[in-house]
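What follows is each chain in one-letter form.
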Amino acid sequence: MGAGRFITFEGGEGAGKSTQVARLVERLRAQGIEALSTREPGGTPNAEALRKVLLEGLQEPLSPASEAMIFSAARIDHLDKLIRPALARGAYVVCDRFADSTRAYQGGTLGTAFIDGLEALTVGATMPDLTFILDLPAEDGLKRADLRRGSGKVDRFESETIEFHRGLRTAFAEIAKNNPQRCIVVDATRHIDTIADDIWRVVETRLLKAHS
Ligand code: TYD
């Protein structure tokens, strides 16, 4: 009990996070490990309801601070009801986006002190054991997101300016630089299988072998 591990995937739009989350969970399960995949914003019924509010738009835009707080409210529900209980029973939790997304997406306008405080209140000690930051140029990611969406509607963040998306890449690089023990930057321009193999090697060395 209590031997669970928490792994998150981060990056800009269209970086291929959800594919890599699914690949990793598959590989962990093939080793006989209880592994579950989840996402943010979302992961629990309440947090999925807040996801709709955050991504599908409201009558008028939220202020940056209230947007960050709603992402955090969704995160608290997710942590309390799904992530912490799973970790406590020894499962691996693999999450598509987590607190680093708030820092990268909302932090630009709110600043470090606000985000540090909010993160401490929201996440506390439940920071990920390992975070993969899938890195690629903003233009490439947006192109992929366009293809994936087809004729669907762009969401709140996909419709941001190219400068905003370029800034995200810089913000994630900064997070990786400040958290070298936890964060691994992965070149996401490569083939899906190559990326999955790289990620698996890191998980094997850093978590499976280290704790066997
Ligand atoms: P999603 O469809 O999951 O996007 P992606 O496939 O790129 O992960 O939508 C999540 C969006 O919400 C994405 O644009 C990033 C944004 N987001 C924040 O702005 N702050 C946050 O704290 C989180 C978790 C996500």
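Quick caveat: nothing in here was measured; it's all calculated off a predicted structure. (Residues numbered from 1 in each chain as written. Predicted model: local features only at pLDDT ≥ 70, side-chain atom pairs only at ≥ 80, totals over all residues. Heavy atoms only, no water.)

## What about the packing of aromatic side chains?
Counted under the stated rule, the structure contains six aromatic pairs. Every member of this aromatic cluster is reached through a ring pair, and the members are Phe71, Tyr105, Phe157, Phe164 and Phe172. Stacked on the ring of phenylalanine 98, the Lys or Arg arginine 75 has its end atom at 5.3 Å from the ring centre. The ring of phenylalanine 157 is capped by arginine 156, whose NZ or CZ atom sits 4.4 Å from the centre of that ring. (Phe/Tyr/Trp six-rings, centres within 6.5 Å; stacked < 30°, edge-to-face > 60°. Lys NZ or Arg CZ within 6 Å of the ring centre and 35° of its normal.)

## Topic: the site of the ligand
The environment of the ligand is formed by 15 residues, the closest being Glu13, Lys17, Arg97, Thr102 and Gln106. Starting from 540 Å² of accessible surface for the ligand in isolation, the protein chains cover 92%. Ranked by the residues each element gives to the shell around the ligand, the list is headed by helix 4 (residues 99–110), at four residues. Tallied by class, the residues present in the shell around the ligand amount to five nonpolar, three polar and seven charged. (Near = heavy atom within 4 Å. Areas by Shrake-Rupley, 256 points an atom, 1.4 Å probe, with all protein chains shown as cover. Helix = DSSP H or I, 4+ residues; strand = E, 2+ residues; numbered from the N terminus. Nonpolar A, V, L, I, M, F, W, Y, C, P; charged D, E, K, R; others polar.)

## Things to note about the pairing of strand 4 (residues 130–135)
Most of strand 4 is tucked away: five of the six residues are buried. In this sheet, strand 4 lies alongside strand 1 (residues 5–11) in parallel orientation, the contact comprising five bridges. Residue isoleucine 7 lies in a different strand from strand 4, and its bridge partner there is leucine 130. Where strand 4 meets strand 5 (residues 183–187), five bridges bridge the pair, whose relative direction is parallel. Looking at strand 5, one finds that isoleucine 133 is bridged to valine 185. (Buried < 20%, exposed > 50% of the residue type's maximum accessible area, 1.4 Å probe, protein only. Pairing = 2+ DSSP bridges.)

Such coordinate-based values are descriptive only and should not be taken to indicate function.
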